[in-house]
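Structure assessment
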Amino acid sequence: MCLAVPGKILSIEGNVGEVDFMGTRRRVRLDLVDAQVGDWVIVHVGSAIEVIDETSARESIKLFEEILSK
């Protein structure tokens with residue numbers, strides 16, 4: 001099973017962004033997307049694979065939170 005997790009880009013340096021995943025910050029490769037600071041991205045295995053809108057990101061986060069609370 002593969003997971004792709006939504007996160008918000010906080011900063012970008014070169015092709016690497018610092019992304020917030022529900023309070024956890026990680027460095028993520030941005031080579032595959034055209035993203036800016038403040039964008040929401042889906043991340044798989046350390047690389048952003050798609051830019052998504054905030055509504056979709058928050059819906060996904062809500063589902064992750066529900067799963068993790070059980």
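Residues numbered from 1 in each chain as written. Predicted model: local features only at pLDDT ≥ 70, side-chain atom pairs only at ≥ 80, totals over all residues. Heavy atoms only, no water.

Moving on to the overall build of the protein chain. Helix and strand counts for the protein chain come out as 1 helix and 5 strands. In sequence order, the secondary structure elements of the protein chain are arranged as β-β-β-β-β-α. Here the protein chain has a C-alpha radius of gyration of 11 Å; the compact-globule value for 70 residues is 11 Å, and the two agree. Projected onto its principal axes, the C-alpha positions of the protein chain cover 40 × 25 × 20 Å. When burial is assessed residue by residue, the protein chain has 29% of its 70 residues classed as buried. A separation of at least 24 residues holds for 35% of the contacts in the protein chain among residues at least 6 apart in sequence. In the protein chain, 8 side chains carry a positive charge and 12 a negative one; their mean positions are 6 Å apart. (Helix = DSSP H or I, 4+ residues; strand = E, 2+ residues; numbered from the N terminus. Rg over C-alpha atoms; globule rule 2.2 N^0.38 Å. Buried < 20%, exposed > 50% of the residue type's maximum accessible area, 1.4 Å probe, protein only. Contact = heavy atoms within 4.5 Å. Lys, Arg positive; Asp, Glu negative; His and termini not counted. Charge placed at Lys NZ, Arg CZ, Asp CG, Glu CD.)

A complete count under the given rule lists 3 salt bridges for this structure. As a salt-bridge pair, Arg 25 and Glu 18 come within 3.6 Å of each other at their nearest N and O atoms. Arg 29 serves as the salt-bridge partner of Asp 31, at 2.8 Å between the closest nitrogen and oxygen. The class of Asp 31 is partly exposed, set by a relative accessible area of 43%. What makes Arg 29 partly exposed here is its relative accessible area of 38%. (Salt bridge = Lys/Arg side-chain N within 4 Å of Asp/Glu carboxyl O.)

With that out of the way, let us pick up the environment of Val 28. Tracing the backbone through its elements, the reader meets Val 28 in strand E3 (residues 24-29). According to the relative accessible area criterion, Val 28 is buried, its value standing at 2%. The spatial distance from the C-alpha of Val 28 to the C-alpha of Lys 70 is 28 Å, given a sequence separation of 42 residues.

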